[in-house]
Amino acid sequence: MGINLAKGQRVDLTKTNPGLTRAIIGLGWDTNRYSGGHDFDLDASAFLTDANNRVINDLDFIFYNNLIHSSGAVEHTGDNRTGEGEGDDEQIKINFSKVPSHVHRIAITVTIHDAEARSQNFGQVSNAFVRLVDEETGSEVLRYDLGEDFSVETAVVICELYRHNGDWKFNAIGSGFAGGLASLCRNFGLQV
């Protein structure tokens, strides 16, 4: 069993786990009872940013329409449109040894597809979590349960992985945004 993190907590990844080169970021959630007539479709994404927290190339944005980074460093395993079942609903794989040198941070986010049109928000989502698993051993290194801090937000920056003095660290963020995926894209410097 890995470390359970609280919001804002940071932890060393590669320094305290020297063999860790390939990680699986597992994201999961449940939806509360909702009678709006639409299923919830939550989508995980990864923004690969420079030292200024900006995406410098559209290809550094990994999501359901761009599943694999050209370097092979980050791979989205596919869109789960219902969130049904136990365990991870979506996964993003990271190979730290292949992350390009211009990438200083990898922000992991979750958005609600068509949230405004469907009158959906993260106040209707429960049991949201992110966990980091060592792909080689299958062991869970850490887990961050987001809690029920959200109401009207339609996008959340769940966590970030970032370089510090040659090592990778994990930061449990849990910061909500209104405006969905477009708002997140603008936040990271992408034109929408």
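Use the structure listed above.
Residues numbered from 1 in each chain as written. Predicted model: local features only at pLDDT ≥ 70, side-chain atom pairs only at ≥ 80, totals over all residues. Heavy atoms only, no water.

Is there a simple way to explain the overall build of the chain in this structure?
When you go through the chain residue by residue, the secondary structure sums to two helices and twelve strands. Put simply, the chain runs from its N terminus to its C terminus through helices and strands in the order β-β-β-β-β-β-β-β-α-β-β-β-β-α. For the chain, whose C-alpha radius of gyration is 16 Å, the value lies close to the compact-globule estimate of 16 Å for 192 residues. Each of the three principal axes of the chain carries a C-alpha extent, and together these read 50 × 40 × 25 Å. For the chain, with 192 residues in total, the buried portion stands at 51%. Look at the contacts in the chain between residues 6 or more apart in sequence, and 68% of them connect residues 24 or more apart. For the chain, the computed accessible surface area is about 9100 Å², with 43% contributed by carbon and sulfur atoms. Taking the average place of the 16 positive charges on the side chains of the chain and the average place of its 27 negative ones, the gap between the two points comes to 6 Å. (Helix = DSSP H or I, 4+ residues; strand = E, 2+ residues; numbered from the N terminus. Rg over C-alpha atoms; globule rule 2.2 N^0.38 Å. Buried < 20%, exposed > 50% of the residue type's maximum accessible area, 1.4 Å probe, protein only. Contact = heavy atoms within 4.5 Å. Areas by Shrake-Rupley, 256 points an atom, 1.4 Å probe, with all protein chains shown as cover. Lys, Arg positive; Asp, Glu negative; His and termini not counted. Charge placed at Lys NZ, Arg CZ, Asp CG, Glu CD.)

Is there a simple way to think about unusual backbone geometry in this case?
Residues other than glycine predominantly adopt negative phi, and peptide bonds predominantly adopt the trans conformation. Notably, Ser119 is not glycine yet its phi reads approximately 55 degrees, a positive angle. Its location among the elements puts Ser119 in the loop between helix H1 (115–118) and strand E9 (125–134). Using a relative accessible area of 53% as the deciding quantity, one classes Ser119 as exposed. Even without glycine at this site, Asn165 takes up a positive phi of about 50 degrees. One can find Asn165 in the loop between strand E11 (155–164) and strand E12 (167–177).

Where do I start with the packing of aromatic side chains in this structure?
To describe a pair of aromatic rings, you give the distance between the ring centres and the angle between the ring planes. Taken as a whole, this structure holds six aromatic pairs when the rule is applied. Plain terms: the ring middles of Phe47 and Phe188 are 4.5 Å apart, the flat faces sit at 20 degrees to each other, and that makes the pair stacked. Of this pair, Phe47 sits in strand E4 (residues 42–49) while Phe188 sits in the segment after helix H2 (180–187), and the two are 141 residues apart along the sequence. Of the two residues examined, Phe47 and Phe188, each falls in the buried class. On the basis of an interplanar angle of 10 degrees and a centroid distance of 4.3 Å, the ring pair of Phe61 and Phe63 is categorised as stacked. Across this residue pair, the class does not change: Phe61 and Phe63 are buried. Ring-pair connections join several aromatic residues into one group, and the members of that group are Phe47, Phe61, Phe63, Tyr64 and Phe188. The ring of Tyr162 is capped by Arg105, whose NZ or CZ atom sits 5.1 Å from the centre of that ring. We note Arg143 situated over the ring of Phe129; from NZ or CZ to the ring centre the distance is 4.1 Å. (Phe/Tyr/Trp six-rings, centres within 6.5 Å; stacked < 30°, edge-to-face > 60°. Lys NZ or Arg CZ within 6 Å of the ring centre and 35° of its normal.)

Before we go on, may I ask you to explain the nonpolar core in this structure?
Generally speaking, a soluble globular protein has its nonpolar side chains buried in company with each other. Ranked by internal contacts, the top residues of the largest apolar core, which has 43 residues, are Leu13, Ile106, Leu132, Leu161 and Phe170. Discounting residues that sit within four places of it in the chain, Ile106 has contacts with Ala46, Phe47, Leu48, Val74, Ile94, Val99, Cys159, Glu160, Leu161 and Trp168. Among the nonpolar cores identified, the runner-up in size contains twelve residues, and Phe47, Ala155, Leu184 and Cys185 belong to it. (Core = buried A, V, L, I, M, F, W, Y, C linked by side-chain atoms within 4.5 Å.)

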